[in-house]
Amino acid sequence: MAKTSGSRFHLGQALCIVTGASRGFGRAVAREMSQLMKPRSVIVLVARTEDDLRSLQKELAESEEGRAGLVAKCVVADLGQTEGVESVVGVSKESFSDDMDHIILVNNAASLGDVSRYAISFTNMAEVDAYLSFNVSSSLCLTASILQAFPQRAGLRRTVINISSLCALQPFSSWVLYCTGKAARDMIFRVLAEEEPDLRVLNYSPGPLDTDMYMVARTRSADPGVRKSFSDMIDQGQVLTCEKSCKKLMKLLLDDKYTSGDHIDIYDV
Ligand SMILES: NC(=O)c1ccc[n+]([C@@H]2O[C@H](COP(=O)([O-])OP(=O)(O)OC[C@H]3O[C@@H](n4cnc5c(N)ncnc54)[C@H](OP(=O)(O)O)[C@@H]3O)[C@@H](O)[C@H]2O)c1
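No experiment lies behind these values; they were computed from the predicted model shown. Position numbers for residues start from 1 in each chain and track the written sequence from start to end. A pLDDT threshold of at least 70 governs which residues receive local features in this predicted model, and a stricter bar of 80 or more applies before side-chain atom pairs are shown or counted, although totals over entire chains, interfaces and linings include all residues. Processing note: side-chain calculations cover all non-hydrogen atoms of the structure and skip hydrogens and water entirely.

### Regarding the pairing of strand β4 (residues 102-107)
Remark: a regular strand shows side chains that alternate across the two faces of the sheet.
Part 1: Per-residue accessibility, obtained with a 1.4 Å probe over protein chains only, is compared with the maximum for each type, and a residue is labelled buried under 20%, exposed over 50%, and partly exposed between these values. Strands here are runs of E lasting at least two residues and helices are runs of H or I lasting at least four, both read from the DSSP assignment and numbered beginning at the N terminus. β4 sits mainly inside the fold: 6 of its 6 residues count as buried.
Part 2: Alternating residues of β4 divide into His102, Ile104 and Val106 and Ile103, Leu105 and Asn107, and every residue in both groups is buried.
Part 3: A pair of strands counts as paired when DSSP detects no fewer than two bridges linking them. Bridging between strand β1 (residues 14-19) and β4 involves 5 bridges; their strand directions are parallel. Bridge pairing in β4 links Ile17 to Leu105.
Part 4: One ladder, built from 6 bridges, connects β4 with strand β5 (residues 157-163); its direction is parallel. Residue pairing across strands places Asn107 opposite Asn162, the latter belonging to β5.

Right under this line is the structure:
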């Protein structure tokens with residue numbers, strides 16, 4: 001990685017929490033983060049699918065970083081439920097030690113929602129509330145709880161990352177839940193950046209990624225134009241690997257030059 005002035009080669013002795021670490025982009029983020037943290041750092045892996053979290057935990061334990069002292073912990077939790085958020089906060093508190101100098105929270109977990117229908121079909125408030133509860137409320141409540149658990153103090157850096165999307169900025173037909181959730185999430189983190197000057201806040205839009213979510217978007221979107229554009233991007237080789245996008249995110253974090261609260265797209269980097 002090219003060094004630029006002020007850039008770092010590592011993220012410190014950190015406590016790093018990654019939601020949605022079982023697969024897709026979150027799994028890639030957990031792998032990359034673990035390579036950039038100093039020994040005796042802890043990475044907390046969060047998702048609902050225990051087997052996938054355990055296999056990642058084992059992989060990280062057997063890696064060079066694991067052998068050098070990185071600890072990976074799993075939290076099997078549904079972030080659509082209050083107890084799920086609380087269990088992440090509990091494990092994070094247990095995992096922190098006074099010699100740590102950086103708290104990093106990656107709000108990556110999200111769902112697409114039902115993209116097989118248009119906005120006019122969403123008459124059921126309970127359905128919409130359940131979507132927003134996981135995709136918006138849990139992200140705010142988890143971030144707020146972590147910031148309360150680890151208040152500002154000298155020598156402690158605090159970084160919160162929201163994995164965003166072009167959909168935070170632009171409407172997509174038949175994606176009302178996803179676009180609403182992503183726009184709301186960006187605003188949460190922009191407000192946080194205004195309120196907490198010591199905090200480093202980044203909304204990172206990772207680009208089109210070769211993941212389960214992308215496959216659902218391509219095959220199930222009600223809007224034929226949206227389905228076609230997602231298929232065309234595959235045919236034209238425009239869909240990125242999670243690893244490629246993740247490396248850009250790591251560069252942003254190491255360079256540490258973004259303005260707190262910014263929405264940065266992979267194609268801006
Ligand atoms: N794929 C793309 O093209 C693309 C483009 C722009 C932005 N993004 C964003 O990138 C992030 C990652 O997307 P992805 O494509 O990797 O998605 P994905 O393959 O669907 O993975 C989603 C992750 O979230 C977890 N998750 C889902 N529901 C959960 C719940 N209720 N509680 C806890 N964890 C839950 C999943 O694990 P479990 O199922 O095990 O719980 C999984 O680890 C998302 O924020 C997405 O919006 C993706």
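### Brief notes about the packing of helix α7 (residues 212-220) against helix α8 (residues 224-235)
Part 1: Axis geometry follows a simple rule: fit a line to the C-alpha atoms, using only the stretch in contact for helices, then measure angles between N-to-C directions, giving values from 0 to 180 degrees. Closest axis-to-axis distance for the α7/α8 pair is 7 Å, and the angle between their directions is 130°. One finds that α7 runs oblique with respect to α8. Between α7 and α8 lies a crossing of left-handed hand. Contact with α7, carried on its side by Tyr214, Met215, Ala217, Arg218 and Thr219, involves Arg227, Phe230, Ser231, Met233 and Ile234 of α8 and no other residues of that element.
Part 2: Looking at the contact of α7 with α8 residue by residue, the classes come out as 6 nonpolar, 2 polar and 2 charged. When an angle is under 35 degrees it counts as roughly parallel; over 145 it counts as roughly antiparallel; between 65 and 115 it counts as roughly perpendicular; any other value is oblique. The sense of a crossing depends on the near helix, which, turned anticlockwise from the far helix by less than a right angle, makes the crossing left-handed and, turned clockwise, makes it right-handed. In what follows, a contact means two residues having at least one pair of non-hydrogen atoms within 4.5 Å. Throughout, the ten residues Ala, Val, Leu, Ile, Met, Phe, Trp, Tyr, Cys and Pro are labelled nonpolar, Asp, Glu, Lys and Arg are labelled charged, and all others, Gly among them, are labelled polar.

### So, the sheet that holds strand β3 (residues 71-76)
Part 1: Strands sit in the order β3-β2-β1-β4-β5-β6-β7 across an open sheet of 7 strands; the sheet is parallel. Looking at strand neighbours, the two that pair on one side only are β3 and β7 (262-265), the edges of this open sheet. Neighbouring strand axes in the sheet, compared pairwise and without regard to direction, differ in orientation by 20° on average.
Part 2: Here helix α1 (residues 24-36) sits on the sheet in contact with β1, β2 (42-47), β4, β5 and β6 (200-205), set at roughly 165° to β1.
Part 3: Against the sheet, helix α9 (residues 242-255) makes contact with β5, β6 and β7, and its axis sits at roughly 160° relative to β6, the strand it touches most.

### Considerations on the site of the ligand
Part 1: The nearness test applies per residue and asks whether one of its heavy atoms lies within 4 Å of the molecule or strand. Neighbouring the ligand are 29 residues, the closest being Arg48, Thr49, Asn108, Tyr178 and Thr211.
Part 2: We define a polar contact as two N or O atoms separated by no more than 3.5 Å, with the added condition that, inside protein, one atom must be a possible hydrogen donor and the other a possible acceptor, whereas residues neighbouring each other in sequence contribute only through side-chain atom pairs. Separating an oxygen atom of the ligand from a backbone N or O atom of Phe25 is a distance of 2.8 Å.
Part 3: For the shell around the ligand, the secondary-structure elements that each account for two or more residues are α1, α6 (176-195) and α7.
Part 4: Take the shell around the ligand: its biggest share by element is 3 residues, from α7.
Part 5: Its residues assigned to classes, the shell around the ligand shows 15 nonpolar, 9 polar and 5 charged.

### As for α1
For an α-helix, the turn length of 3.6 residues means that residues three or four places apart are oriented alike.
Part 1: Here the expected span of a helix is defined as 1.5 Å times the quantity of residues minus one. In this model, α1 (13 residues) spans 19 Å end to end at C-alpha, consistent with the 18 Å of a helix rising 1.5 Å per residue.
Part 2: Among all positions in α1, only Phe25, Gly26, Arg27, Ala28, Val29, Ala30, Glu32, Met33, Ser34 and Leu36 are buried.

### Describing the state of the cysteines
Part 1: Whenever a pair of cysteine sulfur atoms sits within 2.5 Å, that pair is classed as a disulfide. Per the counting criterion, the structure on display carries 0 disulfides.
Part 2: For Cys16, which is in no disulfide, the shortest distance to another cysteine sulfur is to Cys246 and amounts to 10 Å.
Part 3: With no disulfide partner, Cys179 has as its closest neighbouring cysteine sulfur the one in Cys167, 4.1 Å distant.

### Digging into the nonpolar core
Part 1: Of all hydrophobic cores here, the largest spans 39 residues; its most connected members are Phe25, Val29, Met33, Ile43, Leu45, Leu249 and Leu253.
Part 2: Looking at which element gives the most residues to this core, the answer is α9, with 7 residues.
Part 3: Excluding residues that lie within four positions of it along the chain, Phe25 makes contacts with Asn108, Ile163, Tyr204, Pro206, Leu209, Thr211, Cys242, Ser245, Cys246 and Leu249.
Part 4: Of all hydrophobic cores here, the second largest spans 31 residues; its members include Ile17, Val91, Leu105 and Leu199. Nine residue types can take part in a nonpolar core, namely buried Ala, Val, Leu, Ile, Met, Phe, Trp, Tyr and Cys, and a core is a set of them joined through side-chain atoms within 4.5 Å.

### So, the pattern of salt bridges
Part 1: By definition, a salt bridge exists where a carboxyl oxygen of Asp or Glu is found within 4 Å of a side-chain nitrogen of Lys or Arg. Going through the model one piece at a time under the given rule, you end up with 13 salt bridges.
Part 2: A salt bridge links Arg54 to Glu50, with the nearest nitrogen and oxygen atoms 3.2 Å apart. Of the two residues, Arg54 and Glu50 both sit in helix α2 (residues 50-62), 4 residues apart, roughly one turn of that helix.
Part 3: Relative accessible area serves as the criterion here: at 38%, Glu50 is assigned to the partly exposed category.
Part 4: Across the pair Lys58 and Glu62 runs a salt bridge, and its minimum N-O distance is 3.3 Å. Within this pair, Lys58 and its partner Glu62 are both found in helix α2, separated by 4 residues, close to a single helical turn.

### Observations regarding the side chain of Thr159
Part 1: Within the secondary structure, Thr159 is located in strand β5.
Part 2: Contacts of Thr159, omitting those with residues within four sequence positions, involve His102, Ile103, Ile104, Leu105, Arg200, Leu253 and Tyr258.

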